[in-house]
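Listed here are the chains, written in short residue letters.
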Amino acid sequence: MFQSASRANVSRPTLRTVVALSMYLWLVLPGFAQRPLQTLLVGVDRRDQTTLNGDWHYLVDQSPGRALYTANGEVNDKSYAMNDHPHIVGSHNDEYDFSAAPTLKVPGDWNTQVPQLFNYEGVIWYQRDFEALPKAGTRTFLHVGAANYRSHVWVNQKRVCDHEGGYTPFDCEVTALLHPGTNFVVIAVDATRLADGIPSVGIDWFNYGGLTRDVSLVTVPRAFIDDYDVHLAHGPEFLPGNTELSGYVHVLDAPTGTAVTIAIPEAGVTATVKTDAEGNAPFNVKATNLTLWSPGTPKLYKVTLAAGEDKLTDDIGFRDIRVDGTRILLNGKAVFLQGANVHAEAPVRGGRVNSDQDVATIFGYLKEMNANFVRLAHYPHDERMEREADRQGIMIWSEIPNWQHISFDKSEVYAKDVAMLHEMIRRDRNKASVILWSVSNETPNNSTRTTFLTNLANEARTLDRTRLITSALNTTHIQGNSATLPDPFADALDVIGVNQYIGWYTGKPEDADSIQWALPQKPVIMSEFGAEAKFGNHGATNERWTEEQQVYVIQHQFVMFKNIPQLRGITPWILADFRSPTRNIPKLQDGYNRKGLISEDGKKKQAFTLFQKAYAEHSVGKPE
Ligand code: GCU
């Protein structure tokens, strides 16, 4: 069915905002010179890519990164980035030779690849050659799925981009630098934790460093689709049978009035719209039929977007998520979110998740425990997780790593947070499985933080009006049998996450039975609770670190949940034991946080079975 599409009131962050923010980032953040606007390509995994995964040479640049930083902390463009062989200059003796250096696998953290690098959190330089045959009229971007924590990229000795943030993708245009034949790329990755970083210096997970996700080259036409949003129209209330689709397609560097086609054959949609002066083409179209996405029917549609010479096809599900009083409504129906927290720790092999196999194992666990929900703690995960959740019908809480003590008093930290929020939302806004954007975890209840995070929550709302905004709060106040949440930041949230460890960090497990919660009249997700147990360690229910005590704590949590009328979801901390340098009780932790329901090598504890049964019976909480 051919329809002309009307202009929609779809909000897309204007390019002006993105440009202003990007310029601000480059001009303000120390060590960043002004760079051409870095765009972020949406749907990279649905485009033809030339993979740069594989063996990269590497050189360790021991702290403070003498080859990467000049004496005044600027990035040094004239050292290893030159990739000379072998190279000895001046008194500094920058002696190196990538071609003879050892190699690291990309994607992959360096910590689990080289024993001497296990605890290394400094600078590592990566280098590889690649063949190119640039085609006239096309543009090429270097795509990095994630690099932890700060990255600086050179191609053929020219610096192309810099990025801060260890868990979101970035794209660097390399068009002008490529020549036919052998080219080379050098990427310096600095895993140093920063007081004004996101996260900051104290974290309860392992700071895996390096090019931790896929790296590739993406070639697109001169004018191409760099951003799009195709979603079920989201009006003031859910309308059963609604088949209206809304969104925008953004075409970079196309003349005003460029025709853009949106085709969803299975939904009977073919629409053509035109770009405005900013390259934006909003649309509203009616599908002739639509099966809404849900855990029971994770229906995805082939959506083809075309503009000029560019064309790409994504797999998109359509659904409606909103709150109504204390209920969470999915497609107009109240739901209870029963799931688990997950860190991006590869089951059994350890290290950062970066493969289809890692993701399949994690989702195997979630399905086996009858979960319909997962909190991707505490940062955006590999995009494969959202793709798998879309396919398997698992709803997602996605979060930027404002974990505990962030420098909320610094405007440059706010700018970094906004950039990270944009990157997370831009990458995943077309993933039906993502229903919640979280802007923080366990931050101190003070006015500086509340203002900072309230602004950030509102920024998320302006970027995406179709999802719910949440955060995990641990600012509860428990006095005797009463628990309250005297935290004004809760006012800024659609859904409130509560982290508490009654029976493990505080009080006895039995105390939970009689706790009365006074919480705001909003949907609440118990976003963290649990206890530690070493797999195979057995004993009485009052013996800490045994599987039996872990079960006992959770059983009493379940009793407490029945006294929280607005409880609409639970995610125990955590699906699987994970590496954390702060967990140093020999024989019990040995560098692992043991609150997992599964051991780090894939062995299921008794608590796993407890959740599997409770979720099968839907006995933990009510959707309304
Ligand atoms: C906190 C925090 C987690 C941490 C957990 C724990 O709530 O959010 O990141 O691992 O508690 O102490 O085990």
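As shown above, the structure is provided for reference.
Residues numbered from 1 in each chain as written. Predicted model: local features only at pLDDT ≥ 70, side-chain atom pairs only at ≥ 80, totals over all residues. Heavy atoms only, no water.

S.K.: Help me understand the pairing of strand S4 (residues 103-106) in this model?
M.R.: Looking along a regular strand, one sees the side chains alternate between the two faces of the sheet. A one-sided burial pattern is seen for S4, the buried positions being Leu104 and Val106 and the unburied ones Thr103 and Lys105. One ladder, built from four bridges, connects strand S3 (residues 54-61) with S4; its direction is antiparallel. Each bridged residue has a counterpart across the sheet, and for glycine 54 the counterpart in S4 is valine 106. (Buried < 20%, exposed > 50% of the residue type's maximum accessible area, 1.4 Å probe, protein only. Helix = DSSP H or I, 4+ residues; strand = E, 2+ residues; numbered from the N terminus. Pairing = 2+ DSSP bridges.)

S.K.: How do you make sense of the state of the cysteines when you look at a structure like this?
M.R.: Note on terminology: disulfide describes a covalent bond linking the sulfur atoms of two cysteines. Considering all chains together, one arrives at one disulfide under this definition. Disulfide partner of cysteine 161: cysteine 172, at an S-S distance of 1.9 Å. With cysteine 161 in strand S8 (residues 158-164) and cysteine 172 in strand S9 (residues 170-173), this pair connects stretches of sequence that are eleven residues apart. Accessibility assignment for this pair places cysteine 161 and cysteine 172 in one class, buried. (Disulfide = S-S within 2.5 Å.)

S.K.: I would appreciate a short explanation of helix H6 (residues 547-561) in the present structure.
M.R.: An α-helical turn contains 3.6 residues, so any two residues separated by three or four positions project in the same direction. Here H6 is 15 residues long and its end C-alpha atoms lie 21 Å apart, about the 21 Å a rise of 1.5 Å per residue gives. Burial of H6 is extensive: 13 of the 15 residues sit out of reach of the surface. (Expected span 1.5 Å × (residues − 1).)

S.K.: Explain the environment of proline 623 here, please?
M.R.: Residue placement: proline 623 occurs in the segment after helix H7 (606-617). On the basis of relative accessibility, which here comes to 31%, the residue proline 623 falls in the partly exposed class. What proline 623 contacts, discounting residues up to four positions off in sequence, is Arg327, Ala334, Val335, Phe336 and Arg568. (Contact = heavy atoms within 4.5 Å.)

S.K.: Just checking my understanding: could you explain the site of the ligand for this structure?
M.R.: The environment of the ligand is formed by 14 residues, the closest being Asp204, Glu442, Tyr505, Glu528 and Lys595. Tyrosine 505 places a polar side-chain atom, nitrogen or oxygen, 2.6 Å from an oxygen atom of the ligand. One of the side-chain N or O atoms of asparagine 593 is found 2.8 Å from an oxygen atom in the ligand. Here the ligand has 320 Å² of accessible area as a free molecule, and 96% of this is covered by the chains. (Near = heavy atom within 4 Å. Polar contact = N/O pair within 3.5 Å; in protein donor to acceptor, adjacent residues only side chain to side chain. Areas by Shrake-Rupley, 256 points an atom, 1.4 Å probe, with all protein chains shown as cover.)

S.K.: So what exactly am I meant to see when it comes to the packing of aromatic side chains here?
M.R.: Note on aromatic pairs: each is described by the distance of the centres and the angle between the planes. Per the counting criterion, the structure on display carries 24 aromatic pairs. Here phenylalanine 529 and phenylalanine 561 contribute two aromatic rings whose centre-to-centre distance is 5.0 Å and whose plane-to-plane angle is 80°, an arrangement assigned as edge-to-face. Here the residue phenylalanine 529 occupies a position in the loop between strand S31 (524-528) and H6, and phenylalanine 561 occupies one in helix H6, the gap between them amounting to 32 residues. For phenylalanine 529, a relative accessible area of 0% gives the class buried. A network of ring pairs unites the aromatic residues Tyr80, Tyr96, Phe98, Trp125 and Trp154 as a single cluster. Geometry around tyrosine 501 places lysine 595 over its ring, the cationic atom sitting 5.6 Å from the centre. (Phe/Tyr/Trp six-rings, centres within 6.5 Å; stacked < 30°, edge-to-face > 60°. Lys NZ or Arg CZ within 6 Å of the ring centre and 35° of its normal.)

S.K.: How do you make sense of the packing of H6 against H7 when you look at a structure like this?
M.R.: Axes are the key here: two packed helices are described by the angle between their axes and the distance separating the axes. Contact geometry of H6 with H7 gives a least axis separation of 8 Å together with a crossing angle of 30°. Considering the angle they form, H6 stands roughly parallel to H7. When H6 is examined against H7, the residues Glu547, Glu548, Gln550, Val551, Ile554, Gln555 and Phe558 are found in contact with a partner set consisting of Gln606, Ala607, Leu610, Phe611 and Ala614. Each residue belonging to the contact of H6 with H7 can be placed in one class, and the counts come to seven nonpolar, three polar and two charged. (Axes fitted to C-alpha atoms, helices over the stretch in contact; angles between N-to-C directions. Parallel < 35°, antiparallel > 145°, perpendicular 65-115°, else oblique. Nonpolar A, V, L, I, M, F, W, Y, C, P; charged D, E, K, R; others polar.)

S.K.: Looking at this structure, how should I read the sheet that holds strand S27 (residues 477-479)?
M.R.: Pairing within the open sheet is mixed, and its three strands lie in the order S27-S28-S30. On the outer flanks of this sheet lie S27 and strand S30 (516-518), each paired with one strand and no other. Neighbour-to-neighbour, the strand axes of the sheet open up by a mean angle of 20°, direction not taken into account. Of the pairings in the sheet, the one linking strand S28 (residues 482-484) to S30 comprises three bridges and is parallel in character. From the neighbouring strand, serine 482 faces S30, where its bridge partner is glutamine 516.

S.K.: Can you help me understand helix H4 (residues 411-428) in this one?
M.R.: In this model H4 runs 26 Å from its N-terminal to its C-terminal C-alpha over 18 residues, within 8% of the 26 Å that 1.5 Å per residue would give. Most of H4 is tucked away, with 15 of its 18 residues classed as buried.

S.K.: Help me understand the nonpolar core in this model?
M.R.: Across soluble globular proteins, nonpolar side chains have a tendency to be buried as a group. Within the largest apolar cluster, 90 residues are counted, with the highest numbers of intra-cluster contacts made by Trp517, Met526, Phe561 and Ile570. Per-domain counts for this core show at least three residues from each of domain 1 (7-221) and domain 3 (323-617). The contacts of phenylalanine 561, once residues within four sequence positions are left out, are Gln500, Met526, Phe529, Leu567, Ile570 and Val620. Of all hydrophobic cores here, the second largest spans 48 residues; its members include Leu52, Trp110, Val186 and Ala191. (Core = buried A, V, L, I, M, F, W, Y, C linked by side-chain atoms within 4.5 Å. Domains from an automatic or database assignment.)

S.K.: Would you explain the side chain of aspartate 204 in this entry?
M.R.: In this fold, aspartate 204 is placed in the loop between strand S10 (181-190) and strand S11 (215-221). Side chain to side chain, aspartate 204 and threonine 582 meet in a polar contact 3.0 Å long. Residues in contact with aspartate 204, not counting those within four places in the same chain, are His343, Trp403, Phe578, Ser580, Thr582, Arg583 and Asn593.

S.K.: Is there a simple way to think about the packing of H4 against helix H5 (residues 447-463) in this case?
M.R.: At a minimum axis distance of 10 Å, the contact between H4 and H5 shows a crossing angle of 30°. If you check the angle between H4 and H5, you find them roughly parallel. Where H4 crosses over H5, the two elements pack in a sense that is right-handed. Within the contact between the two elements, H4 uses Val413, Tyr414, Asp417, Val418, Leu421, His422 and Ile425 and H5 uses Phe452, Asn455, Leu456, Glu459, Ala460 and Leu463. Partitioning the contact of H4 with H5 into residue classes produces nine nonpolar, two polar and two charged. (Left-handed = near helix turned anticlockwise from the far one by under 90°.)

S.K.: Could you clarify how one ought to interpret the pattern of salt bridges in this entry?
M.R.: As a working rule, side chains carrying opposite charge can pair if their charged atoms are close by. According to the stated counting rule, one finds 48 salt bridges in the structure shown. Salt-bridge contacts for aspartate 310 lead to arginine 47; the nearest nitrogen and oxygen are separated by 2.6 Å. Linking aspartate 310 in strand S18 (residues 310-316) with arginine 47 in the loop between helix H1 (15-28) and strand S2 (49-51), this pair joins segments that are 263 residues apart in sequence. As a salt-bridge pair, arginine 150 and aspartate 190 come within 3.2 Å of each other at their nearest N and O atoms. (Salt bridge = Lys/Arg side-chain N within 4 Å of Asp/Glu carboxyl O.)

Take it as geometry only, folks, not as evidence of what the structure does.
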